[in-house]
Structure formats: structure tokens, C-alpha cells
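Geometric and topological summary
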Amino acid sequence: MNFDGLDPGMGEYPPNLHGTMDAGLEPSMDPHLNPNLLQGVELDPEGLAVTVPEQVHLMEGMFSELHSAVSEVGIPVTATHFDLQEEMLWMGNHRGHVTSFFGPTMGRHSSFQAHATDDVRHIQSLETGVLFLSKCNLKCHTRGGLVMFDFPMDEGADMHSLLMTDNNTLLMGGLQNYAVEVDLNTVQETQKFNVEVPGVAIMRQTSRFFFCGHTSGKITLRDLRSFKTEHEFDAFSGSLSDFDVHGNLLAACGFSSRGMNGLACDRFLMVYDLRMMRAVTPLQVHVDPLFLRFIPTYTSRLAIISQTGQCQFCEPTGLANVADIFHVNTVGQLLMSFDVSSSKQALAFGDSGGCVHLWSDAPEVSFNDYSRETDFALPCLVDTLPQLDWNHDLLPLSLIPMPLTSTEQLLSDWPTALATPSPRRAPPADPEILRTMKTVGFIGYAANPRTRPRNQVPYKIKDVELDYDNYNQVPESPIGRDEEPHLYMVPKKYRKVTIKYSKLGLEDFDFKHYNRTLFAGLEPHIPNAYCNCMIQVLYFLEPIRCLVQNHLCQKEFCLACELGFLFHMLDLSRGDPCQASNFLRAFRTIPEASALGLILADSDEQTGKARLGRLIQSWNRFILTQLHQETQEQEGPQAYRGASSSSLGSSGESAIGKLFGCEVENSSLCRCGKETVRSSLTLLFTMHYPEQNSQEKTIKEYDFAEILKKSICLEQSTQAWCENCEKYQPTVQTRNIRCLPDVLVINCEVNSAKEAEFWKVQAEYAFNKAMQKEANEPAKPKEPPPPMPTECGEDACNMEGFTFDTKAEDLRHVWIPLTLKMSISKSQGLEISSWPEGEELSAAEEEEGAALYDLVVTVSHVLDARTGGNLVAHIKVGETYHQRKEGVTHQQWYLFNDFLIEPIDKFSKHTCVLESAGHPVKCIELPAHVLLFASVKNPIDASVLLTEASLARKQRKSHATFIPLMVSEMPQAGDLVGLDAEFVTLNQEEAELRSDGTKSTIKPSQMSVARITCVRGQGPNEGVPFIDDYISTQEQVVDYLTQYSGIKPGDLDAKISSKHLTTLKSTYLKLRFLIDTGVRFVGHGLQKDFRVINLLVLKDQVIDTVYLFHLPRKRMISLRFLAWYFLDLSIQGETHDSIEDARTALQLYRKFLELSRGGGTDEVRKVLKGLYEKGRQMDWKVPESETGDGQGSPKSAAVFPSVMGL
């Protein structure tokens, strides 16, 4: 702000006005100060406070002085501000000191030095602190005075004002030719706007414009986004003093040029109508205006304040009245600052004598409409020495402080032997390590037996470990890490597992701790990932796996296709987890899934409110029905744009129906004798339990086969429509099956404590029966174990060499038999009975159609009050899977808990199910005598790379950014393909701030691929893209990440996009074909790209420039810096372009090959050391290009000559 036209005495302050700063001396008093103002004031070096001994009486509706307070006598108050969150008034003075006063009584709250020497020019309150602006510095303090951050300005800055544009962004302007935008979250400068007229002294904002007042007397209206000038008002010929905006009116006051006489205060206020963008009749006032503010109450009145303390109220469109003038008693001082509270009930004036005046129109004034409570400092409690009673015999004399003497030795001066710290002894080494250790010199080497978590040594070793806490191979999930594990009955391996994210995301999370097998787990952080265990179940059923991997159709959201893609990744993985993101994306689009309530909200998954037991049973029924429908379509479901059909599933009959289907006969008998029979196909059965009589306290004993038979051949009475009676009648409905299914699927319906108790009691009955049977049978002698190589006394060796094999003890919690025999006879109907494991049917039974069903899968809901529970699967993995993964043929039970996979015993699954507060919700049984195997033939052929139409209606051929491959250009194994992908955000990251200030990611942001580009890596058209697909999405995008992706709103909308828009499935098939062909992808950061696209690519097919130009234990280098350093290219200027990035990655790979051929590994390492040294010197920032286009570089022009023609 220009003060050239003000009182000349304001620029210089006499020494007696400032007072002396020597320690121990009081500041001198200004002789012009009114002595009555300082009554009851205690002068001290820190500051002054005014106390009002009696209540001030105000006239309602008229502004009058309420209180005054002095911070530092003689130091001008350069800024005042009413706190927007609390009932506080802030003031800053010419020496950078800040003081806050509480409430209308102006009690001192806090006082501290905000800036060392510069004056405080602007104050702005935030939710968490207060901002103080000086000439070249912005500081943020808490309301108690602690520094939150310090933001220095550029050299030569002369800041005068700041403006909060939103909750986390502010704009600063001053007497320089730019304005600065700062992000308060990161305390970083985000943008710098050039100002055509130097000197932004005042800033205001409305919903339409930024208003900037300049020292030249002009007011510019600027765009809210670009800060470009839209309109300009030339208000005053001299300089601008102040202005304000309200509604459609802008009022300004300032100084006019008087030729040789300099500047003079103009008593005409300039008023502008923002609707027509022109001036209206100027408003003449009776005071010399220095400040003005709109104070809208019933009308839009203006408050005009002069330098000498006169204040006048007037309407901006009316005439000023002399009677509306009142005077601020400044005792001869000049007003330096002014502010209005947000409630418009209070005014604050700061004068050049260090005094703050509070005016109000009501005695009970509040600064804000809604203020929060203010925290006050605790009173200082000074401890005093206790009164000593010398007559007390037990009085400790240590209460008397004694001076230290140098002649006598203190008792704390212990000898060195007693003062030496004694470290805790290390626990003994594992005997297995000592047994296998090989010594070379004085160093021993041994394999890690992995009996303990990494970098952890249990010093407090328990004598007795509970069985359910002996799982040391898998470290505990981050959930519940701080609790004592023995307080919970859920074993660690059955608890809900979560991924702990770090700054590197998933790169440093060790999944091998949770899975030491070669089978792939599934990540749980994706929405609706509760079905991971059922996806694993479907994968380990060989006929299902072959069926969906052979299936391919043109339907955009086909669950069978997506399952086939996911199973292909599970096949390729060697123990690394996969994610079912594309499958679950298609799953969320199925209307039937939403109607059945299978799509969970994020809050339900996180809080554990979802009833997973019911949910997974409904999901089981849904997925079988959906796969049955999708694989029985008549339109050649295997054909995809000319692909050849396979024999499996090409007919009208569904392979799902053949495998799981069972023809059911439903009979409905009315009491009138009318019987109706209908036939249908069912894919699974639901368990029905007998009703418990309320008078019976104990549950009867039932056999599992008996309950299963009654559930399959269900008989129940219900009301149904009878055509003979022509009304609803009580009918008896009976269900019978005509044939046995190949795979029997059962939903157990254990949805309440009543059913869970029924299972538990039946398991106890089965255990007691097995123990009695074993007791009646003679014990079978077993070969004695080989003697241990340790000494053995007589008492320990009196077993006479016999041990007994007790199988009944293993069956304590087992009610489900491991094998069932089922048959259908014409005379007796369906017959089900338990069958001894391992025994075969006789020839006669096989001729009668009997079949044995072996238990191969159970899916259980593990209840855990801390996390809401989770779903796990126990799967008996067959020989073919072990043959493909491990090269051996055997069968083994495994536990699948998301990405945790562990081999288990066949009996332990029941133990966890019924003892660990869980219950089985589903089991699958496969007949032992039926072998259903099929070969997998890749249905994706080269036709997917041919030209396809865009989904975008406005897309034209002239806008094409790529040239599709010709038939002669089809890629071969080993060919290079440059790849880059861009993404958008569907869900923001969820994180929490720990007490030590570090950030912990709870759930990462959910990304979706938006653009995929592939460029040719060799041949005459090297560098020319052949895929540049924008991916259409039906999900809500929360952030397009335009600065990093180049994707703009509308690019993914088929109605308005001008890009080549396709479905994710279409582009996915193109990449799958390239992967299956064996091409090698070249790109930068491909690991993340393939992860979001949901593709698994073998390591020998990926050439990532991130790792090519990387030294161990050093930072990763951006593509932009590598391109500038090695290729002299300037890329990624304003936004990223995937075509440019893919080409650059190819050029960098060529450069790497050139370096490798030139000098080998040593030469490459030397070049990389120079790269890192240059990066540190430049802080890894690329210098701005003079031309703004790196394509003008001689290197870039010589690499891909054919690209320039495109």
C-alpha cells in the first residue's frame, strides 16, 4: 500500500516513542497518551494490558468503544485481525511482535515474536493456526505461539497481502511483478502468476473473480483459474488506499495526483457495478478515507475510516450524512490498521501508539456466529518447600537441600565396576543352526531355519506355548500386532491378513513370509475382495479352470472371460500374489449381483459389518448361475472377431450344468389330491437342520449323511396356489433327484449361533462314538521309532517298544465325513452314507450306480471381534496342479487366506472351523471315480490387433494417433515393443498420521488404466505407435491426474471424446496376445503399469529403464531426467504423453545397449555414477528448455526418422 500521501510523520518514529530496549528499563511513555487510558495498567518490558474496572454501557445498534488495550507502547500496530474460529482478536506491530486478546473484555491470551525485524503486514487465521505475513516471509504459528512452518520468499520480494482461495491454498501479492500460490499441506509454491501492473497491494475474492488493487490506482479483475486479467478499473490517478467488494458493488478509496503538490486524499469514493462492469455515481464523504469495508446487516452500508480516527457510515448508492460520523479516541495517534469481525458486530482499530481499540454495536458482542472453545494456558504452579517439623522422629533429612561440596565424595560416585552397564544376554542359538553350520576360519555359515520372524529375538521365552500360537513361520498381520496373541482364540494364520504399505508401496512388503508355496495368493485391498477364497476354489477345480480359459466372447463385462484371464495369471505366477481387480470391476457391473446385495460398500468391508457367512453362500449360488448362463450361449461364445471355436462349451449345453447340475423333480401335492410335478436343474443344495423342540434342552445326535439326505430330498408344507381349488391351499412339496451330480456343492447355512451350536454338539457326538469304537478294538502294534541319540534312563524306556496310532483324537472336531457313498435306487430312492476313507466300491455297487464323493474343499467364516472376521478356504490341491508348479505328483491340503497359503493336515481344517469361533459355510465334494480333464487352448489370436472401430462418436480418421499393424508386421517372439500407460484415480488413498509424524497408508488409492500405448520397436516404422487406446470407464473418476497422465475430463466419455476409445477388455486382449507371442516390452516403471492393467508378465519379457539406469541402494530416476541427460530431449513439459514416453524408453534402451557394447559393465557403472553425481548437483530437476520443445534436439531427430512423418 502506498502511504506517500499520508502524514509525513508516519514514516519516522521518534526515539522517545519507541522507548528503550535496554534490559531492566521500562519503556518510556508517549507524552501524548491519555493518562486515563492507562489506569490500572502495569507497565512491563513484555507489553501492556488495559483493564476496565466497570462495565461499559452501549446503546444498542450504535457503534461505540467497548475496550482498548496496549501491546507495546509507542510501537505502531500494523495489522489487526478477528480470528475466524475463536473469540480472539489478533494484532501485529511494526517490530514483528504479535499479541492476541480474548473476547470482548480483551484479556491477553498469547504474545510472541512472529518475525525478527520486519513488520507484520497481514494476519490470517486458519483451523489449526494463524498465518503472519511480513515483507519477505510467511510464518504459521499455533495460537499458543509454537511455530508450525516458516516459508521464506524469493530475494527481492516485498509482500503486502495474502488471500485464502480455499482451505489449503493461499495467494500472496506485493510490490513485485508476480503473485505466488502456496499449498499449505505441503508448504510448497505451486504456481507463480505474472502481474502486468507491478504492485498487488490488496486482494479480494468473490465467486467470479480475483480483485487486485495496485499501487498505480488501478483495480484488475482476474480469472479464478488462470489469474489472467478479465477487466480493469482505473479508479484513481494517484494511488489506491483500500477497496472492498459486496454483491454486485465494488467501492474504492485512494489518492489523486495534484501535479507538483504530490498526492492528496480523494474524498470521492469510486463505486462500480459488477453486472455492467462500469462506474456509477461517485460517493462523496465527509472524512479523508484511508480504509473502507462493507458491513452488511439490513443494508449494504459502508464504513469509511480516516487516518485521524474519524469513521463514517453511509450507503454506497446514497448520500453521506454528517450525523453518521463518530470518532475513535486515538489520543493524537494515527490509525494504521482496521478490521471487521465475521459477525459484523465488532470493529478493531490499531493506531501508531501501539493501542488497539475495540468498537461494537452491542454490549454482549461475539466476533463469530459460531466459535469453538479457546484453549488457555495452565496457570503456573510454583512448588514451595514443605514446612519441616524438627520434633518428628521419622522426618527424612533429605528434604533439606544441601549445597554440593568438593571435599566429600557423593554416594552416587560408584566404582567403575558397579557403574559399567551390563547388556542383556543373547538367547541361545537354534540347535538346528548349530547342527548344520559349516565353519570357514572363525565364521560359521548355516541356512536360516526360519523358525522366528526376521530381526526379532524373543527374550522373554514362555515355558509353555499354546497350540494356537505356535505358528511362527508367518509373521502376524499388522492388525492386532500390538495386542497379546494369547488373548484371542483365533490362530494367527486364520486371522485377517492385511498389507502394510510404505513409501515404496508394495515393493518392500515380503509376501514370502506368508506364502512359501509356488501357488499364487490374491490381494485383499480391492473392493469386494471377500470372494478371493471362492475364486481359488474355482481355480483348483480342473474342469472349471479349463472351461473359462478356453472361453472368449465379445461381451464387454463377462465374468467367464475375466476368470479365464485371472486363472491365466495364477498359472504363470510362481508364488507371487495376483489381484482380481478386472474380475471384480466386471462383477460390480452385473445388475444381478447388485440386486442380491453382493456388492459391498467400502465402509461395510472396513468396519466388518458385512455378514460374510451369508454373503459368500449367495455369491457361490450367483457365480455358478452366471457361469452357467455365459457358457451356454448359442452365438459361438468362443469366437472373438474371427477366432476359431473350441469344442468345449460350443454347444447349447453348459459345461457348468454337466459338472454341477442335478436334475430335480419337484412335486406339489394339494390336500384335494391334485399333484403337480415340475423338473428343473439345480447347481447346488442347501442344508436344512431339524427343528429343536423348546422343551428339550439337549440336541439329539444326527449323522451328517442323514441331514444331507433330508436336505436334498426336502419335504416341507407351505401355502401354494392350486389350480383345481383355484385358491391358495396348504400343500406338501417334495423334492427328489433323478441323477447324481459330478460335483456336489453344499451351502451349509450356518448363519447363527443356533446352527453353530448344532455343529459343535454333533462333532462331540461323533468324537465320543469314535473313541468308544477305538476302545473296543484291540490296539495294533506299531514299529518302534529309532532310538534318539541321547541318554535315556530306565523310567523313560519302560514302554516295551510299543506305540499306538490314535486316529480318534484327531477327529475331536470333525462332523463332516471325508468320504460319502451316494446311490439312487428305484425302490428306496436316494441313499447316502459315510464311507471309510481309502476303501473302494465293489463291482456290484458300481454296477448299481453307486458313487463315492471325496471332500476336496471347505470354505469357512472365521469370527474375530477385532476385525469383523474373514473367509478362508481349505482346498485339496490335485496332482495336475502340483505337476505344473513343482514337477511332482501328489495331493495335499492347503489353507488359502487371501495371500497367505500354507500346507495343512487334513484334520486341522476341521479343528479351526469349529474351535476357532468359525463355521463352515460351504463345502464341495468331487467324486473320486470321475476324472474330468481338458486341455487349455489359447483362444486369443492375431485378429485382436487388426483395425477396430472407436466407441467415441466424434472420433475421426484425421485424429488418429497410431497406425495398426499390417499382417506382414505381426510381432514374433523376442521383438521389442515400447509400452506406456496412463491412469486415473477412482478412490483416493486412505492414510493415518502416527504420533511420531510419519504417515501410514491404510488403503492405497484405487487406480484405473485410462490410456495404453504400444510403439514398434524395430523395422522401418520403428517408433510408430500401433496401439493408442483410451479406455472407456463406467465408474466414477475422482481425479484425472491431468498433470501426470495428460487425460482430461471428457476424454473417456464416448459421447464427447475425440480419442480412439475402446473397452478395457479389447485392449487387454491385444496385450495378452503380445505377451503370449513372447515379445519383450520396453518402458519406464512397467511394474506398476502391468499391476494396474492386471497383467502378469514374465521377467525375461520386461525391459524396464528404471532398473537399467539404477545403482543399488540409490534412488530411482525419472524418465524426464534420463531423457535430458542421455538423449538431450525435453519431455513431459506440462503433461505426460504416453506415445512420447514409450518412444523415449525405446531410445534409452538403445542408448544402454550402445554403452554396454562400448565398454561393458564397468563402462556402464562409470556412466551411472556420473548420472547420479549430475542429478545431485541439479537436485534431479531438468533445466527449462529455451525452445520449449525437445524435438528440436539433433539427437532426437536422428533416432526415429520415420516418426517425424507421422
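Since we're looking at a predicted model, the values are computed, not measured. (Residues numbered from 1 in each chain as written. Predicted model: local features only at pLDDT ≥ 70, side-chain atom pairs only at ≥ 80, totals over all residues. Heavy atoms only, no water.)

A word on unusual backbone geometry. Backbone geometry at V331 places phi at a positive 55 degrees, although glycine is not the residue there. In the Ramachandran plot, D1179 falls in the positive-phi region, its phi being about 55 degrees despite a non-glycine side chain. Considering the arrangement of structural elements, one finds D1179 in the loop between α22 (1138-1177) and α23 (1194-1199). (Helix = DSSP H or I, 4+ residues; strand = E, 2+ residues; numbered from the N terminus.)

Here the idea is simple: oppositely charged side chains can pair when their charged atoms come close. All chains considered together, the criterion is met by 35 salt bridges. Between R372 and E127 there is a salt bridge, with its nearest N and O atoms 3.0 Å apart. With a gap of 245 residues between them, R372 in the loop between β30 (355-360) and α2 (416-419) and E127 in the loop between β6 (122-125) and β7 (130-133) connect regions that are remote in the sequence. Note on R372: relative accessible area 32%, which makes it partly exposed. Here E127 falls in the exposed class, since its relative accessible area comes to 52%. The partner of R1016 in a salt bridge is E969, and the shortest N-O contact between them spans 3.2 Å. Taken together, the positions of R1016 in strand β49 (residues 1006-1016) and E969 in the loop between β45 (918-927) and β46 (976-987) put the pair 47 residues apart, joining distant regions of the chain. Judged by its relative accessible area of 5%, R1016 falls in the buried class. Looking at E969, the relative accessible area reads 25%, which means it is partly exposed. (Salt bridge = Lys/Arg side-chain N within 4 Å of Asp/Glu carboxyl O. Buried < 20%, exposed > 50% of the residue type's maximum accessible area, 1.4 Å probe, protein only.)

Take the side chain of Q1132 next. Structurally, the position occupied by Q1132 is in the loop between α21 (1119-1127) and α22. Within the structure, Q1132 has its side chain in polar contact with the side chain of D1141 (distance 3.3 Å). Each residue touching Q1132, except ones within four places of it in the same chain, is listed here: L1119, R1120, E1140 and D1141. (Polar contact = N/O pair within 3.5 Å; in protein donor to acceptor, adjacent residues only side chain to side chain. Contact = heavy atoms within 4.5 Å.)

Attention now goes to the side chain of D119. Topologically, D119 is positioned in the loop between β5 (107-113) and β6. Looking at D119, the relative accessible area reads 17%, which means it is buried. Once you skip the residues sitting within four places of it in the chain, D119 turns out to touch T78, N93, H94, G96, L133, S134 and K135.

Position of Q554 among the secondary structure elements: in the loop between α5 (542-550) and α6 (559-572). Classification of Q554 by relative accessible area gives exposed; the value is 57%. Once the C-alpha coordinates of Q554 and S1066 are considered, the two residues, 512 residues apart in sequence, prove to be 8.7 Å apart.

Looking now at empty space enclosed by the protein. Applying the stated criterion to the full structure yields five cavities of 30 Å³ or more. The volume enclosed by the second largest cavity comes to roughly 40 Å³. For the second largest cavity, the full set of lining residues is F151, P152, M153, D154, M159, Y178, V180 and E189. Those elements giving two or more residues to the lining of the second largest cavity turn out to be β9 (147-152) and β12 (178-183). Partitioned by chemical class, the residues of the lining of the second largest cavity number six nonpolar, no polar and two charged. (1 Å grid on protein atoms, 1.4 Å probe; cavity = no way out; pocket = protein on both sides within 12 Å on 5 of 7 lines; lining within 4 Å. Points joined across faces, edges and corners; volume = space filled by probe spheres on them. Nonpolar A, V, L, I, M, F, W, Y, C, P; charged D, E, K, R; others polar.)

Time to look at the packing of aromatic side chains. Overall, the coordinates contain 41 aromatic pairs when judged by the stated rule. On the basis of an interplanar angle of 65 degrees and a centroid distance of 5.8 Å, the ring pair of W90 and F132 is categorised as edge-to-face. Within this pair, whereas W90 is found in strand β3 (residues 88-93), its partner F132 is found in strand β7, the two being separated by 42 residues in sequence. Of the residues examined, W90 reaches a relative accessible area of 0% and is grouped as buried. Given the relative accessible area of 0%, F132 is considered buried. An angle of 40 degrees between the planes, with centres 6.3 Å apart, marks the rings of F291 and F338 as tilted. On the criterion of sequence distance, the pair formed by F291 in strand β24 (residues 289-296) and F338 in strand β28 (residues 335-340) is long-range, its members being 47 residues apart. Note on accessibility: F291 and F338 belong to one class, buried. Ring-pair connections join several aromatic residues into one group, and the members of that group are F1109, F1121, W1124, Y1125, F1126, F1152, Y1172 and W1180. We note R204 situated over the ring of F243; from NZ or CZ to the ring centre the distance is 5.6 Å. (Phe/Tyr/Trp six-rings, centres within 6.5 Å; stacked < 30°, edge-to-face > 60°. Lys NZ or Arg CZ within 6 Å of the ring centre and 35° of its normal.)

What follows deals with the state of the cysteines. According to the stated counting rule, one finds zero disulfides in the structure shown. Looking at C253, it has no disulfide partner, and the nearest cysteine sulfur is the one in C265, 7.1 Å off. Residue classification places C253 among the buried positions, given a relative accessible area of 0%. (Disulfide = S-S within 2.5 Å.)

This part is about a positive patch on the surface. The grouping of R1113, K1114, R1165 and K1169 at the surface amounts to a positive patch. Here K1114 lies in the loop between α20 (1105-1108) and α21. Among the residues examined, K1114 registers a relative accessible area of 42% and is labelled partly exposed. (Patch = residues over 30% accessible without salt bridge, like charges linked within 9 Å, V, L, I, M, F, W, Y side chains within 5 Å. Areas by Shrake-Rupley, 256 points an atom, 1.4 Å probe, with all protein chains shown as cover. Lys, Arg positive; Asp, Glu negative; His and termini not counted. Charge placed at Lys NZ, Arg CZ, Asp CG, Glu CD.)

Before going further, it helps to spend a moment on the pairing of strand β50 (residues 1025-1031). Among the seven residues of β50, seven are classified as buried, and the element is accordingly described as predominantly covered. Alignment of β49 against β50, held across five bridges, turns out to be antiparallel. Note that in β50 the partner of T1013 across the bridge is D1028. Of the strand pairs in this sheet, β50 and strand β51 (residues 1061-1062) are connected by two bridges, and their pairing is parallel. Bridged to I1031 within β51 is T1062. (Pairing = 2+ DSSP bridges.)

All right, on to the sheet that holds β3 then. Taken together, four strands build an open sheet; the order of strands is β2-β3-β4-β5 and the sheet is antiparallel. Edge strands, defined here as strands with exactly one partner in the open sheet, are β2 (77-82) and β5. Ignoring strand direction, the axes of neighbouring strands in this sheet form an average angle of 20 degrees. Sheet analysis places β3 next to strand β4 (residues 97-102), joined by five bridges and oriented antiparallel. Opposite M88, over in β4, you have F102 as the bridge partner. (Axes fitted to C-alpha atoms, helices over the stretch in contact; angles between N-to-C directions.)

Counting buried positions over the six residues of strand β43 (residues 892-897) gives five, a clear majority of the element. Taken together, the five bridges between strand β42 (residues 870-877) and β43 define a ladder with antiparallel strand orientation. When the bridges of β43 are listed, A873 appears paired with F896. Summarising the sheet, β43 and strand β44 (residues 900-903) pair through four bridges and their orientation is antiparallel. Directly across from N897, in β44, lies its bridge partner L900. Turn length for the β43-β44 hairpin, with the two strands adjacent in sequence and antiparallel, is two residues, and the turn residue D898 shows positive phi of about 55 degrees.

With that settled, consider the UniProt feature "binding site: a divalent metal cation" (unreviewed entry) in the protein. Annotation from UniProt places "binding site: a divalent metal cation" (unreviewed entry) at D980, E982, D1089 and D1141. These annotated residues cover 162 residues of sequence, but their C-alpha atoms sit close together, with the largest distance between any two at 12.8 Å. Each residue touching D980, except ones within four places of it in the same chain, is listed here: R1011, I1012, T1013, D1089, S1138, D1141 and A1142. Inspection of the secondary structure puts D1141 in helix α22. (UniProt positions renumbered as here; feature names shortened; annotations may be inferred.)

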